[in-house]
Amino acid sequence: MSEQAKNAFYTGLQNNLSTLRDQGLFKPERVLASRQGAEVQSEDGRTLINMCANNYLGLSGDAETQKAAEAALAKYGYGLSSVRFICGTQTVHKELEQALSKFLGTEDTILYAAAFDANGGVFEPLFDENDAIISDALNHASLIDGIRLCKAARYRYANNDMADLEAQLQAATAAGKRHKVIVTDGAFSMDGTIAQLDKIVELAEKYGALTLIDESHASGFLGATGRGTHEHCGVIGKIDIITGTLGKALGGAMGGFTSGRKEVIETLRQKSRPYLFSNTLAPMIAGASLAVLDRISKSTELRDRLMENTAYFRKEIERIGFTIKPGTHPVVPVMLFDAPVAQKFAARMFELGVLLSGFFYPVVPMGQARVRVQLSAAHTREQLDTVLAAFEQAGKELGILKNN
Ligand SMILES: *Cc1c(COP(=O)(O)O)cnc(C)c1O
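Residues numbered from 1 in each chain as written. Predicted model: local features only at pLDDT ≥ 70, side-chain atom pairs only at ≥ 80, totals over all residues. Heavy atoms only, no water.

Caption draft 1: Layout of unusual backbone geometry. The linkage connecting Y361 with the following residue, P362, adopts the cis geometry, with an omega of 10 degrees. Positive phi, normally seen in glycine, also occurs at N160, with a value near 65 degrees. Locating N160 in the fold gives a position in the loop between β5 (153-157) and α7 (162-174). The phi dihedral of F337 falls on the positive side, at around 70 degrees, and the residue is not glycine. Relative to the elements of secondary structure, F337 occurs in strand β11 (residues 331-337). (Helix = DSSP H or I, 4+ residues; strand = E, 2+ residues; numbered from the N terminus.)

Caption draft 2: Broad picture of the sheet that holds strand β2 (residues 47-50). Spatially, β1-β2-β12 is the arrangement adopted by the three strands of the open sheet, whose pairing is mixed. The two strands at the open ends of the sheet, each matched to only one other strand, are β1 (39-41) and β12 (354-355). Strand direction decides the pairing type here: β2 and β12, joined by two bridges, are parallel. Note on β12: the bridge partner recorded for N50 is L355. Sitting on the sheet, helix α15 (residues 381-397) is in contact with β1, β2 and β12, with an inclination near 95 degrees to β2. (Pairing = 2+ DSSP bridges. Contact = heavy atoms within 4.5 Å. Axes fitted to C-alpha atoms, helices over the stretch in contact; angles between N-to-C directions.)

Caption draft 3: Representation of the pairing of strand β3 (residues 108-112) in the model. With four of five residues buried, β3 lies mostly within the body of the structure. As paired elements, β3 and strand β9 (residues 256-260) share five bridges and run antiparallel to each other. Its bridge partner being in β9, L111 is matched across the sheet by F257. (Buried < 20%, exposed > 50% of the residue type's maximum accessible area, 1.4 Å probe, protein only.)

Caption draft 4: Expanded view of the site of the ligand. Taken together, 13 residues lie around the ligand, and A115, D214, H217, T245 and K248 are the ones closest in. Measuring from a nitrogen atom of the ligand, one finds a side-chain N or O atom of H140 at 3.3 Å. Within the contact set of the ligand, an oxygen atom lies 2.7 Å away from a side-chain nitrogen or oxygen of T245. Look at the ligand: alone it shows 390 Å² of surface, and the protein chains cover 82% of it. The dominant element in the shell around the ligand, judged by the number of residues it contributes, is helix α5 (residues 115-120), at three residues. Split into classes, the residues belonging to the shell around the ligand amount to three nonpolar, seven polar and three charged. (Near = heavy atom within 4 Å. Polar contact = N/O pair within 3.5 Å; in protein donor to acceptor, adjacent residues only side chain to side chain. Areas by Shrake-Rupley, 256 points an atom, 1.4 Å probe, with all protein chains shown as cover. Nonpolar A, V, L, I, M, F, W, Y, C, P; charged D, E, K, R; others polar.)

Structure below.
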């Protein structure tokens, strides 16, 4: 009998997985045989131009980043076998926290093993049932989970919709909530939308609310010197709490952070559960991240090249006859609308040597199927031209170009 009950569990999983496969929602892993970069080798030995990494500054497979990691590895060793407060804090962790604060224009910063942990551990220590969290509907899963872990009342506003945000602020005010905090991704990874932080800060001031932004798709490249969305929108120093990742533009290995006023960060060091109960960031990652911050603080060359590549790709892909979501972010959604077409298209691009990802319902709304291109500073003009030629060819073959 108990054996039967156990079998039912495994059979249930098998059925659910088959359903995912049947619905085309099963996510296979793509296996690379090379390091990350503008070009990668797939498992079968083929060389592909990579248009789907969050490797915005091209630092993931970069030799200088690797050298900095090696130097930190040699000096600080492989790991610490400890959480931060027992014996897992080295000088390199303190230096990185200071460097991040300086880079972001904040007072203090706390490191996590991932941005997922930073977002998971930021709400519960700071807000309770007397408070209100006012959250963009398209916020990242880790923000949503972090908000769920805290007892504050939740208010959701339609993505990037400032009128709805104001309505939710009014509702939270009418409910007599003590603290209110507006929570948004700085840049949204599906559409490349950049949050209107200037307007959000205005509304926050009007309603006495705090602001929290997740800068995972912004830190290192948005804004004239790459500080992020707050620089892009001219509100440096006006955002209360900034979370972000070291696993995208800022080196690409892993690690996350929360940054803000001293009393916020100190509270998180005392009470944030992913910080208290999870191992410290590996010192080689801290050392390499420090070198990355130093490099991009001295020169805007990488973010400038990224933005040039982005502007070039956005202009050329439209000229060829594709529809994109307008904007300036290096995330470029190329709209194919129909899910089977997007699937066929991504598969054909793969045959033509271009790695990119397709997104369909339910990841994006019905009728908004797309392939998502992500530009990198590591892409050469020649590689972009090769990718654009492949887009044109696949587009012609499938008869989906606007102009012809
Ligand atoms: C990628 C991402 C995260 C998670 O970052 P990790 O450091 O990989 O955990 C969190 N928030 C946003 C908006 C992201 O895009």
